[in-house]
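Structure assessment
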Amino acid sequence: MNILELRGLTKAFGGLVAVSNLDMEVTPCEIHGLIGPNGSGKSTTLNLISGLYKPTAGQVFLGGRDISRVTANLRVFQGMARTFQNIRLFKRLPVLDNVAVGRYCRTATNLIDVLLRLPRQRSDEEETRQSALEALEIVGLAHRAADRPNDLPYGQQRLLEIARALATGPKLLLLDEPAAGMNPTEKQSLLGLIQRLNQEKKLTIVLIEHDMNVVMNACHRITVLNFGQRIAGGTAAEVRRDPAVIEAYLGKRGRAAGAEG
Ligand code: ADP
Ligand code: MG
């Protein structure tokens, strides 16, 4: 059974149809790439999957259940976590707390309780701290737990967002351009992290990414969007030689590569 399935998913903003009648299937333990030119509807699709946006039409299924009307918070509880294209961190909170906020969906304690350090919440708090530390360890940031997000280089701030998503204990991880702004070394280690999460933690991952090297190396299958519509899908090799993709997405670079080959 598909862990995630989109059927006829559509989102209109006024007259603009950002995502149009989109079908997509993600199988368990797959790294599924979602690519397309700027403005093709990738982030909107992720916002529909995570419940930030309500679809104009169509459905989202998680593990075969229609979750189209389930709130974003409940979707986290049901095993879905995400990062944002634009980094969203709490600048005044230490790195550890930034990760811990991801964890509250799993404990009886709410964010206010923990920030106020209410005594009755101590055990929850300790468990939350531990999970947050583990998540930081996975992304290689445990040594920065006491620092502020702004003290971290940009690439590490992106990893911090991933750690926060991991702290919710997801089955399905949605990453919106996690490599944006990273240097080649950071991208390489991000690629390694994504592959480890997939292979060792058995996470299913939907990855929006512009860096073709990352996409082609990481993704088992890829869905290609253009103007909100699915124009192609398949393995990296299949998508790479699809004429519609070369034209729409790779543009001149794709044609040049084709001419060379
Ligand atoms: P991508 O992530 O592929 O670059 P987006 O999903 O962000 O594309 O955007 C797809 C289209 O929808 C764009 O034309 C964008 O301007 C529009 N759009 C996205 N979000 C909104 C919104 N909240 N309100 C109005 N238009 C939006
Ligand atoms: Mg986007």
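Below: a short report on this structure. (Residues numbered from 1 in each chain as written. Chains lettered and ligands numbered in written order. Predicted model: local features only at pLDDT ≥ 70, side-chain atom pairs only at ≥ 80, totals over all residues. Heavy atoms only, no water.)

This part takes up the pattern of salt bridges. What the rule picks out here adds up to six salt bridges. A salt bridge links D147 to R144; the nearest nitrogen and oxygen atoms lie 2.5 Å apart. Judged by relative accessible area, D147 falls into the partly exposed class, the value being 25%. When the shortest N-O distance is used, the salt bridge between R164 and E161 registers 3.4 Å. One end of the pair, R164, and the other, E161, are both in helix α6 (residues 154-167), three residues apart, so they sit about a helical turn from each other. Judged by relative accessible area, E161 falls into the buried class, the value being 3%. (Salt bridge = Lys/Arg side-chain N within 4 Å of Asp/Glu carboxyl O. Buried < 20%, exposed > 50% of the residue type's maximum accessible area, 1.4 Å probe, protein only. Helix = DSSP H or I, 4+ residues; strand = E, 2+ residues; numbered from the N terminus.)

Close to ligand 1 lie F13, L16, A18, P37, N38, G39, S40, G41, K42, S43, T44 and Y53, which account for all nearby residues. A distance of 2.6 Å separates an oxygen atom of ligand 1 from a polar atom in the side chain of T44. Interatomic distance of 3.2 Å between a side-chain N/O atom of Y53 and a nitrogen atom of ligand 1. For ligand 1, whose unbound accessible area comes to 560 Å², protein coverage reaches 63%. With three residues, helix α1 (residues 42-50) is the single largest residue contributor to the shell around ligand 1. Looking at side-chain class alone, the shell around ligand 1 contains five nonpolar, six polar and one charged residues. (Near = heavy atom within 4 Å. Polar contact = N/O pair within 3.5 Å; in protein donor to acceptor, adjacent residues only side chain to side chain. Areas by Shrake-Rupley, 256 points an atom, 1.4 Å probe, with all protein chains shown as cover. Nonpolar A, V, L, I, M, F, W, Y, C, P; charged D, E, K, R; others polar.)

Glancing now at the coordination of the magnesium ion (ligand 2). With distances of 2.1 Å, the protein atoms coordinating the magnesium ion (ligand 2) are S43 (OG) and Q85 (OE1). Here Q85 lies in the loop between β6 (80-82) and α3 (95-100) and S43 lies in helix α1, a separation of 42 residues in the sequence. The partly exposed category is assigned to Q85, whose relative accessible area is 32%. (Donors = N, O, S within 2.8 Å, 3.2 Å for Na, K, Ca; no water.)

What follows covers the sheet that holds strand β3 (residues 31-35). Within the open sheet, the six strands sit side by side as β6-β7-β8-β3-β9-β10. Their pairing is mixed. Taken across any chain shown, the strands that pair with only one partner, and hence form the sheet edges, are β6 and β10 (229-234). On average, each strand axis in the sheet is inclined to that of its neighbour by 15°, with strand direction left out of account. Where β3 meets strand β9 (residues 221-226), four bridges bridge the pair, whose relative direction is parallel. (Pairing = 2+ DSSP bridges. Axes fitted to C-alpha atoms, helices over the stretch in contact; angles between N-to-C directions.)

It is worth spelling out the nonpolar core at this point. Within the largest apolar cluster, 47 residues are counted, with the highest numbers of intra-cluster contacts made by L136, I162, L173, I205 and I222. At seven residues, α6 tops the list of elements feeding residues into this core. Setting aside its immediate chain neighbours within four residues, I205 contacts E30, I31, H32, L173, L175, I194, L197 and N198. Among the nonpolar cores identified, the runner-up in size contains 22 residues, and M24, I67, V70 and M80 belong to it. (Core = buried A, V, L, I, M, F, W, Y, C linked by side-chain atoms within 4.5 Å. Contact = heavy atoms within 4.5 Å.)

A separate point is the pairing of β3. Burial runs high along β3: five of the five residues are buried. In β3, alternate side chains face the same way, and those of I31, G33 and I35 on one face and H32 and L34 on the other are all buried. Of the pairings in the sheet, the one linking β3 to strand β8 (residues 204-208) comprises four bridges and is parallel in character. Within β8, the position partnered with H32 by the bridge is V206.

A few words on helix α7 (residues 184-199). Taking 1.5 Å of rise per residue, 16 residues should cover 22 Å, and α7 covers 23 Å from first to last C-alpha, within 8% of that figure. Two or three places before T185, at the opening of α7, N183 has a side-chain oxygen 3.0 Å from that residue's backbone nitrogen. (Expected span 1.5 Å × (residues − 1).)

One can find L46 in helix α1. When the C-alpha positions of L46 and V206 are compared, they lie 8.6 Å apart, and in sequence the two are 160 residues distant. When residues no more than four places from it in sequence are discounted, the contact partners of L46 are R82, T83, L174, L175, D176, V206 and I208.

One pass over the structure, following the stated rule, counts one aromatic pair. Residues F13 and Y53 carry aromatic rings whose centres are separated by 5.5 Å and whose planes lie at 80° to one another, so their mutual orientation is edge-to-face. One end of the pair, F13, is in strand β1 (residues 4-13); the other, Y53, is in the loop between α1 and β4 (57-62), with 40 residues separating them in the sequence. For Y53, a relative accessible area of 29% puts it in the partly exposed group. The ring of F84 has R82 sitting right over it, with the charged end atom 4.0 Å from the ring centre. (Phe/Tyr/Trp six-rings, centres within 6.5 Å; stacked < 30°, edge-to-face > 60°. Lys NZ or Arg CZ within 6 Å of the ring centre and 35° of its normal.)

With that settled, the discussion passes to α1. Of all nine residues in α1, eight are buried, a share of seventy percent or more. If you check which residues of α1 are buried, you get K42, T44, T45, L46, N47, L48, I49 and S50. In the stretch just after α1, G51 is the one whose phi turns positive, near 90°.

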